[in-house]
Amino acid sequence: IPGRKSGRVRLCPGAVVALCPAVAPAMAGMTVTSDIRYYHVGGSTAESLARSMRDNPIEGDHGAAVANVRPQYRLDIDARQQGQVCRVTDVDLGIRFVTTLPQADESGMSPRTRAYWRSFIAFTARHEGTHKAIYQQCARDFIARARRLTDRTGCGTIQSEARRLLEASKQASESRQA
């Protein structure tokens, strides 16, 4: 089972925070919400747990997976004409993360298997948290670029340019996930 090093199991106390649904402002202009979903993994031994996940994987972004995080975006841009130039006055980017993690009934597990399972769960939560951090960094980069948008022909194209920038940011974020 992943997470085992030199016969010792190391749990990450921070993983508990990652498992809690939360709403947190990541920075001005960005609001992040997180939802955790679980799927059932059958088994009480390391082998049966691994087999259950292998035989019944969830759909990840690039095929079968044991855990996943998916962002959903909402964008609001306000712009105003200031003299000869239209400028962005407000950027509000909402990101809703839906994280899917494995969950198993631990009651039939031996103490050793339970420890390995919990270590694996902590690892998957940290791993998906890393993906979230990448999405959020790309979102912060997008917000900074969107706030600098201007247009000398009027405010009509600012919205579409901001949405184009957001799509490019999402693509950059996906390329960083590999």
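Please refer to the structure higher up on the page.
Before going into details, it helps to say that this report is about the structure given with it. None of these values were measured; they are calculated from a predicted model.

A closer look at helix 4 (residues 158-176)
With 19 residues, helix 4 ought to run about 27 Å at 1.5 Å a step, and its terminal C-alpha atoms sit 27 Å apart, in line with that. In this fold, the buried residues of helix 4 make contact with strand 7 (68-82), strand 8 (85-103), helix 3 (111-147) and strand 9 (150-151).

Quick notes on the state of the cysteines
This structure, assessed with the given rule, holds 1 disulfide. Here Cys 86 pairs with Cys 155 through a disulfide, and the sulfurs are 1.9 Å apart. Because the torsion about its S-S bond is 110 degrees, the bridge between Cys 86 and Cys 155 counts as right-handed. With a gap of 69 residues between them, Cys 86 in strand 8 and Cys 155 in the loop between strand 9 and helix 4 connect regions that are remote in the sequence. Accessibility expressed as a relative area gives 28% for Cys 155, which makes it partly exposed.

As for the pairing of strand 7
As paired strands, strand 7 and strand 8 are joined by 15 bridges and run antiparallel to one another. Residue Gln 72 lies in a different strand from strand 8, and its bridge partner there is Arg 96. In sequence, strand 7 turns back onto strand 8 through a hairpin of 2 residues, with Gly 83 there showing a positive phi of about 70 degrees.

Rules used in this analysis
Residues numbered from 1 in each chain as written. Predicted model: local features only at pLDDT ≥ 70, side-chain atom pairs only at ≥ 80, totals over all residues. Heavy atoms only, no water. Helix = DSSP H or I, 4+ residues; strand = E, 2+ residues; numbered from the N terminus. Expected span 1.5 Å × (residues − 1). Contact = heavy atoms within 4.5 Å. Disulfide = S-S within 2.5 Å. Buried < 20%, exposed > 50% of the residue type's maximum accessible area, 1.4 Å probe, protein only. Pairing = 2+ DSSP bridges.

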